[in-house]
Amino acid sequence: MLRIFLMIYSLFLSSVSLAHNYQPLQVAEANYLAENFPLHIYIDHSKSMTIDDISELNLDQSNSTSRINISVERANYWFVFQMHNQSEQAIQRIVKFDETFLYQADIYYRVKDSSSTKKKHKNTRWFHDQSGLAVPVAERSIHNRLPSFSVPLQAGETKTIYAKINTEINLVTVGLEVKSPYQYAQDEQIEIAGYWLFFGMSLAMFIYNLFLLISLRDKLYFHYVLYCVTFIIFVFMYSGFDLYVIKSASVHYLYIISISISFVFLLQFVRTLLETSSNLPKIDFCLRFLMALFILQSVVSGINTHYYYLIIYIAMPSTLFLLLVNVIAYFKKVPLANYALFGLSWYALGVFAVAGVNAGILPFNFFTRYGFMLGSLIELVVFSLALAYRVHDLQVNKSTLYLNLYKAKYQLEKTVKSRTAELISVNKSLQQLSQEDGLTGLFNRRFFDQTIAKEWMRLKREKGSLCLIISDIDFFKQFNDIYGHQHGDHCLRITSALIKQSTTRSADFSARYGGEEFVILLPNSNAEDGRQIANKIKQALKESHIIHSHNPGGILTMSFGISAVIPDQNNSVEQLIKQADDALYQSKENGRNCITIYKESV
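The shown structure was predicted, so the numbers you read here are calculated from the model rather than taken from an experiment.

*Asks:* So what's going on with the packing of helix α12 (residues 445-462) against helix α16 (residues 573-589)? Residues and values would help.
*Replies:* With their axes 10 Å apart at the nearest point, α12 and α16 run at an angle of 115 degrees to one another. Pair α12 / α16 crosses with right-handed handedness. From α12, F448, I452 and W456 reach across to α16, where they touch V573, L576 and I577. Of the residues belonging to the contact of α12 with α16, the class tally is six nonpolar, no polar and no charged.

*Asks:* Hey, could you go over the sheet that holds strand β16 (residues 558-565) for me, with residue numbers and the actual values?
*Replies:* Strand pairing in a sheet relies on backbone hydrogen bonds, with the paired strands running either antiparallel or parallel. As summarised here, the arrangement of the five strands in space is β14-β15-β13-β16-β17, forming an open sheet in which the pairing is mixed. Whereas interior strands pair on both sides, the edge strands pair on one side only; in this sheet they are β14 (509-514) and β17 (595-597). Neighbour-to-neighbour, the strand axes of the sheet open up by a mean angle of 20 degrees, direction not taken into account. With seven bridges joining them, strand β13 (residues 466-473) and strand β15 (residues 517-523) adopt antiparallel strand pairing.

*Asks:* Summarise the state of the cysteines; cite the residues concerned and give the values.
*Replies:* Scanning the entire structure with this criterion turns up zero disulfides. In this structure C491 is not part of a disulfide, and its nearest cysteine sulfur, from C594, lies 18 Å away. Residue C491 is classed as buried on the basis of its relative accessible area of 1%.

*Asks:* Lay out the packing of aromatic side chains with the relevant residues and their values.
*Replies:* A full pass over the atoms with the stated rule returns 39 aromatic pairs. With a centroid separation of 5.3 Å and an interplanar angle of 80 degrees, the aromatic rings of Y195 and F241 are classed as edge-to-face. On the criterion of sequence distance, the pair formed by Y195 in helix α3 (residues 181-216) and F241 in the loop between α4 (219-238) and α5 (249-252) is long-range, its members being 46 residues apart. Note on Y195: relative accessible area 2%, which makes it buried. By relative accessible area, F241 is classed as buried at 6%. Over the ring of F241 we find R145, and its NZ or CZ is 4.6 Å from the ring centre. For R592, the ring lying beneath its charged end belongs to F475, and the centroid distance is 4.2 Å.

*Asks:* If you had to explain helix α10 (residues 337-359) to someone new, which residues and values would you point to?
*Replies:* Counted at 1.5 Å a residue, the expected span for α10 with its 23 residues is 33 Å, and the 31 Å between its end C-alpha atoms agrees. Following α10 by one or two positions, G360 has its phi on the positive side, about 80 degrees.

*Asks:* Please give an account of the pattern of salt bridges that cites residues and values.
*Replies:* With the rule as written, the count across this model stands at 24 salt bridges. Between E462 and R458 there is a salt bridge, and its shortest N-O distance comes to 3.1 Å. Here R458 and E462 lie together in helix α12, a separation of four residues that amounts to about one turn. Each of the salt bridges in this network shares a partner with another, and the network as a whole consists of K96, E177, K179 and D187.

*Asks:* Provide a residue-level description of the environment of S301, including the pertinent values.
*Replies:* Residue placement: S301 occurs in helix α8 (residues 281-303). Separated by 45 residues in the primary sequence, S301 and I256 place their C-alpha atoms 7.0 Å from one another. A polar atom in the side chain of S301 sits 2.6 Å from the side chain of Q297.

*Asks:* So what's going on with α8? Residues and values would help.
*Replies:* Compared with an ideal rise of 1.5 Å per residue, which puts 23 residues at 33 Å, α8 spans 34 Å between its outermost C-alpha atoms and is within 8% of the ideal. Within the sequence span of α8, burial applies to I283, D284, L287, L290, M291, F294, Q297, S298 and S301.

*Asks:* Residues and numbers for empty space enclosed by the protein, please.
*Replies:* If you roll a probe as big as a water molecule over the atoms, it shows you where there is empty space left. In the structure shown here, the tally under the stated rule is four cavities of 30 Å³ or more. The computed volume of the largest cavity comes to approximately 250 Å³. F234, I259, Y308, I311 and V354 are the residues nearest the centre of the largest cavity, which is lined by 18 residues in total. Of all the elements in the fold, those that place two or more residues in the lining of the largest cavity are α4, α6 (255-274), α9 (310-331) and α10. If one sorts the elements of the lining of the largest cavity by residue count, α10 sits on top with five residues. Of the residues that constitute the lining of the largest cavity, the class distribution is 17 nonpolar, one polar and no charged.

*Asks:* Explain the layout of surface pockets to me, and be specific about the residues and the numbers.
*Replies:* Considered as a void within the structure, the largest pocket measures approximately 670 Å³ in volume. As for the largest pocket, its lining consists of 26 residues, of which I190, E191, F366, R369 and Y370 are closest to the centre. Those elements giving two or more residues to the lining of the largest pocket turn out to be β12 (172-179), α3 and α11 (366-435).

Calculation criteria
Residues numbered from 1 in each chain as written. Predicted model: local features only at pLDDT ≥ 70, side-chain atom pairs only at ≥ 80, totals over all residues. Heavy atoms only, no water. Axes fitted to C-alpha atoms, helices over the stretch in contact; angles between N-to-C directions. Helix = DSSP H or I, 4+ residues; strand = E, 2+ residues; numbered from the N terminus. Left-handed = near helix turned anticlockwise from the far one by under 90°. Contact = heavy atoms within 4.5 Å. Nonpolar A, V, L, I, M, F, W, Y, C, P; charged D, E, K, R; others polar. Pairing = 2+ DSSP bridges. Disulfide = S-S within 2.5 Å. Buried < 20%, exposed > 50% of the residue type's maximum accessible area, 1.4 Å probe, protein only. Phe/Tyr/Trp six-rings, centres within 6.5 Å; stacked < 30°, edge-to-face > 60°. Lys NZ or Arg CZ within 6 Å of the ring centre and 35° of its normal. Expected span 1.5 Å × (residues − 1). Salt bridge = Lys/Arg side-chain N within 4 Å of Asp/Glu carboxyl O. Polar contact = N/O pair within 3.5 Å; in protein donor to acceptor, adjacent residues only side chain to side chain. 1 Å grid on protein atoms, 1.4 Å probe; cavity = no way out; pocket = protein on both sides within 12 Å on 5 of 7 lines; lining within 4 Å. Points joined across faces, edges and corners; volume = space filled by probe spheres on them.

Structure representation (structure tokens):
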């Protein structure tokens, strides 16, 4: 409907007669600037009329401003106005169109030529200068991305200017300006400074987030970087800076594709930022549909620029929908929805402003023309802050996770350490139980066999002596028969305690060999050392004065057999035990309560 309305409006302009006859522009001022001035306009739908045809017309049609909205694609737009130099010296004035997408931009005015023989314009001819996308920047009379022309005016001269434009796209706005060279250069510098401020800030955010993408490998940064770079490309081409490096008009029109692809990455960024696939699944489907629509539009517009206007019809409702999505996400308390809503609000204002101007809905001014750059820049900054906050939030969550993991690890280590200590204690207890004799507290026969084998091997390497004492309580069976087994067990415990007291070295080893028999192992000791230990035990037992009525002395006594050898290949553990046992037998034969050393002991 909008397009039909604008087409009717343009036809209206080309057919309605107005009574105004505008006065020439008085352009002599040094800082002269005319942007919105009245002029005559004629629309040549056939695109066949020449400058001579146009100059012969009695142009009553006029436009209230030098800015128009082009809604009919296949036409030539003719602008006619006059400039008057009211000063007393020659001047130059610049006539400029303020958009880059004009395919043809031509200017005509008459100059003196003595060779001309035409009756109506004797001694003058048409001066013709060309610009627009059909002419590379390097070949233009003024090397500028915007179609610009220099017009000389002699003192007191009035000159009629005919300007013709056409474009391959529609639903765009274009304005005609007249400036002094100084004003032209000053405005150009300010405009370029504004553009490059935008490019500089956008590139800074692009590079910063590109490094974060490389560092973090987060797909959200990937979508942001792609959106950022495609939008920068769009602004670069839309503003015409690409014309300094390329000559093809068709390549310049690719900015239509760049804005469509930019929308695709914006939608994908919002999807990833708000996690719509899980938080808003139905809306996520709509966003994916819009992405497909923009991709289709970019393909269609790339094939035929005639369909450029589709971007306006798609972009405006899509931007509104994006705003609605972020409002819903905000009230659903989706993380980072506040950032997205704030950033997209500015972007939406910019999109509606530039689309409204191009569609002829909104008046042209600085904010409606360049507001999309300001809005998008704010949006890029806000999105970058959202990513920074997300990184901070991830770092906080990561730190919290690490802290919880550290606490859990510490607690686990503490528990493991405690359980390990308990297990060591239990194992030690079990080991002691497996090594000790339950009644006497001395080591048992099994552990004695293991220990004597180890000591034998060690002393064999070291060439040290090993002494073995085997002792036996005299008449212990009769003691049990007379006093009972409980007294017998008590007697065994007392005897074991005396043996422990008598073996003070850490290397000394004592064990219950079986029944009332005990063994004492003395590493690095000879037979005489064994005699001394046996005498200690014998004396201590005597002092204990344990009554044994069946023993000749009336008290409990013990008999001892001692053997000592230097372990080598000529003897063995079994021989040592047998020798000590033989010595014990000899003590029994000698009347008991005595100590016998095996005769071959060392």
